[in-house]
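Chain and residue survey
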Amino acid sequence: GGGKGKKEKDAVVKLTPEYRVAIQSSLASLKSAPWDSVPREVLVAGGGSSSSPPTANELETYTQRRWDSVLHFLVGSAPDDVEDPPSAVVRFLEQTGLMQEDPDWSATSSEGYEEAPLVITSKGYEFMLQDVRVQVWQFILQYFQSLENHKRCDEIRSEALLFLICLSFCRVGEAYPASALSAIGQTLMKDFSQFGLLYVADTGGGGKTSKVFYPTRVAVNLVAGGLDDDDDDGGGGGGASGSEASAAAVRALEASLNAPRPSRSHVAIIVQTNFQLCAYTTSELHVSMLGLFCDITNYRRLPNVIFYRITRESIKSAFKLGIEARQILRFLRMHAHPRLRTGDQPLVPSNVEDQICLWDRERHRVKLDEVYNVQCRTGAEFNAVVQYAADIGAYVWGSEAKLRQLVRYSLAERVLAFLRRWRSREAVRAAKQDAPAKRGHAKAQRQASYG
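In this text, all values refer to a predicted model and were calculated from it rather than measured experimentally. (Residues numbered from 1 in each chain as written. Predicted model: local features only at pLDDT ≥ 70, side-chain atom pairs only at ≥ 80, totals over all residues. Heavy atoms only, no water.)

Once that is clear, we can look at the overall build of the chain. Of the regular secondary structure elements, the chain holds 17 helices and 12 strands. Considering only intrachain contacts with a sequence separation of at least 6, the fraction spanning at least 24 residues in the chain is 63%. Per element, the accessible surface of the chain, about 26,900 Å² overall, is 51% carbon and sulfur. (Helix = DSSP H or I, 4+ residues; strand = E, 2+ residues; numbered from the N terminus. Contact = heavy atoms within 4.5 Å. Areas by Shrake-Rupley, 256 points an atom, 1.4 Å probe, with all protein chains shown as cover.)

A word on the pattern of salt bridges. Side-chain pairs of opposite charge can arise whenever the charged atoms involved come near each other. Inspection of the entire model under this criterion finds 13 salt bridges. Among the ionic pairs, lysine 316 bridges to glutamate 362, the shortest N-O distance being 3.1 Å. Of the two residues, lysine 316 sits in helix 13 (residues 312-320) while glutamate 362 sits in the loop between helix 15 (350-361) and strand 10 (371-375), which places them 46 residues apart along the sequence. We classify lysine 316 as buried; its relative accessible area is 17%. Two residues, glutamate 381 and arginine 423, come together in a salt bridge whose shortest N-O distance is 2.9 Å. One end of the pair, glutamate 381, is in helix 16 (residues 379-391); the other, arginine 423, is in helix 17 (residues 412-450), and 42 residues separate them in sequence. Connected through salt bridges with shared partners, the residues Arg312, Lys316 and Glu362 form a single ionic network. (Salt bridge = Lys/Arg side-chain N within 4 Å of Asp/Glu carboxyl O. Buried < 20%, exposed > 50% of the residue type's maximum accessible area, 1.4 Å probe, protein only.)

Another point: helix 4 (residues 56-75). Taking 1.5 Å of rise per residue, 20 residues should cover 28 Å, and helix 4 covers 29 Å from first to last C-alpha, within 8% of that figure. Listing the buried residues of helix 4 in full gives Leu59, Tyr62, Thr63, Trp67, Asp68, Ser69, Val70, Leu71, His72 and Leu74. A positive phi of about 85° marks glycine 76, the residue just after helix 4. (Expected span 1.5 Å × (residues − 1).)

Turning to the packing of helix 7 (residues 132-145) against helix 8 (residues 153-167), a few remarks are in order. Two measures define how a pair of helices packs: the angle their axes make with one another and the distance between the axes. One can describe the packing of helix 7 onto helix 8 by two numbers: an axis separation of 10 Å at closest approach and a directional angle of 155°. Compared by their axis directions, helix 7 and helix 8 come out roughly antiparallel. In the packing of helix 7 onto helix 8, the handedness of the crossing is right-handed. Every residue of helix 8 that contacts helix 7 at Ile140, Phe144 and Gln145 is listed here: Arg157, Ala160, Leu161 and Leu164. (Axes fitted to C-alpha atoms, helices over the stretch in contact; angles between N-to-C directions. Parallel < 35°, antiparallel > 145°, perpendicular 65-115°, else oblique. Left-handed = near helix turned anticlockwise from the far one by under 90°.)

Take the environment of serine 168 next. Residue position: serine 168 is located in the loop between helix 8 and strand 3 (176-177). For serine 168, a relative accessible area of 24% translates into the label partly exposed. Considered as a pair, serine 168 and alanine 33 are 135 residues apart in the sequence and their alpha carbons are 8.3 Å apart. Ignoring anything within four residues of it in the chain, the contact list for serine 168 reads Val220 and Val223.

Pairing is antiparallel in the open sheet, where three strands are placed in the order 3-5-4. With one partner strand each, in any of the chains shown, strand 3 and strand 4 (198-203) form the two edges of the open sheet. By the bridge criterion, two bridges tie strand 3 to strand 5 (residues 210-215) in an arrangement that is antiparallel. Residue pairing in the sheet places tyrosine 176 in a bridge with phenylalanine 213 of strand 5. (Pairing = 2+ DSSP bridges.)

Looking now at the packing of aromatic side chains. Scanning all chains against the criterion turns up 14 aromatic pairs. Measuring from ring centre to ring centre gives 6.2 Å for phenylalanine 163 and phenylalanine 213, while their planes differ by 70°; the resulting arrangement is edge-to-face. Remark: phenylalanine 213 occurs in strand 5 and phenylalanine 163 occurs in helix 8; sequence separation between them is 50 residues. For phenylalanine 163, a relative accessible area of 4% puts it in the buried group. The class for phenylalanine 213 is buried, based on a relative accessible area of 0%. Above the ring of phenylalanine 307, the side-chain terminus of arginine 300 is found at 5.0 Å from the ring centroid. (Phe/Tyr/Trp six-rings, centres within 6.5 Å; stacked < 30°, edge-to-face > 60°. Lys NZ or Arg CZ within 6 Å of the ring centre and 35° of its normal.)

Let's shift gears to the sheet that holds strand 10. One open sheet accounts for three strands, arranged 10-12-11; its pairing is antiparallel. Each end of this open sheet is capped by a strand with a single partner; those strands are strand 10 and strand 11 (395-399). For this sheet, the mean inter-axis angle between neighbouring strands, taken without regard to orientation, is 20°. Where strand 11 and strand 12 (residues 404-408) come together, four bridges link them in antiparallel fashion. Across the sheet, tyrosine 395 pairs through a bridge with valine 407, a residue of strand 12. In the packing of helix 16 onto the sheet, contacts are made with strand 10, strand 11 and strand 12, and the angle to strand 12 comes to roughly 20°.

This paragraph deals with unusual backbone geometry. Positive phi, normally seen in glycine, also occurs at phenylalanine 275, with a value near 70°. Relative to the helices and strands, phenylalanine 275 resides in the loop between strand 6 (268-271) and strand 7 (276-280).

Here is the structure:
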């Protein structure tokens, strides 16, 4: 005991030189970001596309516009003021399984398409109903997976993770020089700007231009926020996270209402106990998203609000697209009207939530399983096959009166192989039992012929 305690007391943890220098620099510096920010005066004097640096609100609008273009591309809607996502993002949509080539497309009915157009998949519908932060993380993870065949895969992944962590210490609205990044870091900067995580601009003039990047709010909060999508946020959204969400939602809605033209980046939803849904929005994208699980044949629309009704048929249609009940409820809670978060009432009425869950359970009342029909000849054969099928987990149903049983199709070959072996053994056994009787009968016939 004493020796062990002495060894533990003498144990020393030694920092690596790089980590020790970084810790000392961090403690001695008043800056939170790992890079020196570019002063606003330098940006304005340098000219270029960064002569008028974007504000925090403009960066948030930039990110929202990027992701709106992705979601519009997913659902196939293309407003005039929404540009198509970059080709790199379109490739990611296909690689992640969010979109696929239209299986119904053919060269004879191409309708102007030289190749099969991309259409949304069931996984894509699920992606649409998630929070922007979760959507960005899916792209980041897919970005890491796409590097598996790269000869410097581990190095690039380590650099990317370090870059994301460093971004979490930056400030929204401040510019940082791209020259402070390594060669891999500058490539990551260009790739992440495709996703709307960073805003890249040029600065300087006279033939000497340099690039700066502005981290957006999504990039700064990406690592700290993690992958939690608040799926279990039930009724009222209480606690710190609930109050923060309420305050942010109130500010966003008030800013939208005070603007000369309502913003299209926010939606506020009220679900009533009579299954009527009221959504305050001017975005065609939000209208398309609500149409995934609401009745689109009967709705009313005003300039800044639309009324839908949730029906059994509309929810069933959503289930056929691959959307689950928990995803619908999470979407309704996530975009609930800010005033619903100020009281004790649930964000979604309990009767509506229960009914959606019951409609979801209707899909699992009957379980379909492929089976194989095995017809036996005798009762002994039937009992032997039933015993073997039960032992390997293949038995489903049987009728002793009809000498018939059903076994799982995936294990049918094993059951049939056992049946053939059993019949072969029974044939050999029967032949051995009949041999003495046949010999006695032949002897009696010989004696009769001699007599």
